[in-house]
Amino acid sequence: CSINIGGTTLVDEDFGDYFAARLRRGPLRPPQLCLEITETSVVRDMTRPRRFLGRMRDLGCRFALDDFGTGFCSFGYLRDLDVDYLKIDGSFVRDLDDVDDSGSGLSEAVVRSITEIAHLLGKRAVGEHAETPLQLDFLRSLGVDFAQGYVFQRPLPIDEFFAKGVPA
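Owing to the predicted nature of the structure, the values given are computational and were not obtained by experimental measurement.

Visitor: Can you walk me through helix α7 (residues 133-141) in this structure?
Guide: Every α-helix carries 3.6 residues per turn, so stepping three or four residues along brings you back to the same face. Among the residues making up α7, those that are buried are Gln135, Leu136 and Leu139. Viewed end-on, α7 has its buried residues packed into an arc of 100°, placing them on one side of the element. Summarising the geometry of α7, the exposed residues directed more than 90 degrees from the buried face are Pro133, Arg140 and Ser141.

Visitor: Before we go on, may I ask you to explain unusual backbone geometry in this structure?
Guide: Glycine aside, the phi torsion of most residues is negative, and most peptide linkages are trans. Not every positive phi belongs to a glycine, and His129 is a case in point at roughly 60°. For His129, a relative accessible area of 36% corresponds to the partly exposed category.

Visitor: Would you explain the packing of helix α2 (residues 15-25) against helix α3 (residues 47-59) in this entry?
Guide: Two quantities define a packed helix pair, namely the angle between the axes and the distance from one axis to the other. Contact geometry of α2 with α3 gives a least axis separation of 11 Å together with a crossing angle of 15°. Considering the angle they form, α2 stands roughly parallel to α3. Judged by the twist between their axes, the crossing of α2 over α3 is right-handed. Counted together, Phe15, Gly16, Asp17, Phe19, Ala20 and Leu23 of α2 and Phe52, Arg55, Met56 and Leu59 of α3 form the full contact between these two elements. In terms of residue class, the contact of α2 with α3 is made up of 7 nonpolar, 1 polar and 2 charged.

Visitor: Would you explain the side chain of Lys123 in this entry?
Guide: Along the polypeptide, Lys123 turns up in the loop between α6 (103-120) and β5 (124-127). Put simply, Lys123 is tucked away with no salt bridge, and the nearest opposite charge, on Asp82, sits 4.3 Å away. Polar contacts involving the side chain of Lys123 include one to the main-chain carbonyl oxygen of Val83, which spans 2.9 Å. The contact partners of Lys123, leaving out residues within four places of it in the chain, are Asp82, Val83, Asp84, Leu86, Ala118 and Asp145.

What counts and how
- Residues numbered from 1 in each chain as written.
- Predicted model: local features only at pLDDT ≥ 70, side-chain atom pairs only at ≥ 80, totals over all residues.
- Heavy atoms only, no water.
- Buried < 20%, exposed > 50% of the residue type's maximum accessible area, 1.4 Å probe, protein only.
- Helix = DSSP H or I, 4+ residues; strand = E, 2+ residues; numbered from the N terminus.
- Arc of directions from axis to C-beta.
- Axes fitted to C-alpha atoms, helices over the stretch in contact; angles between N-to-C directions.
- Parallel < 35°, antiparallel > 145°, perpendicular 65-115°, else oblique.
- Left-handed = near helix turned anticlockwise from the far one by under 90°.
- Contact = heavy atoms within 4.5 Å.
- Nonpolar A, V, L, I, M, F, W, Y, C, P; charged D, E, K, R; others polar.
- Lys, Arg positive; Asp, Glu negative; His and termini not counted.
- Salt bridge = Lys/Arg side-chain N within 4 Å of Asp/Glu carboxyl O.
- Polar contact = N/O pair within 3.5 Å; in protein donor to acceptor, adjacent residues only side chain to side chain.

Have a look at this one:
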């Protein structure tokens, strides 16, 4: 289960306590969670986000740097944030199967580069917004580890999601 964590939440000193308590009482175990943070949410103050990541990692949660590749100096964050996944921004994934678009070559190069850097750092790459089987094939051919998007399933209301049962 992936949960997006906003910048305000990352710097809220009380949120770590609240979230840890919810984890103890909730049906999901921390290793089943991947907390997603955007690189733009940690620009101003790296101290608090690093502290939050460390605390949640100690509980067993995993982390993804969301929308990777769209920020001003994305690669600098890789030294400062201990994340498990780099989530390649969907704008690059969407362009992969558009053979009539001159930007598709650039998108392919960006996806390939982010994937190679992720692997070099011992991280996994995730392609966001995979909507077609062709995009999924492109991601596989470029070595991307995981994909997410409508090609697998459309979003569900939370009640319907939990009615299906939480995977073990």
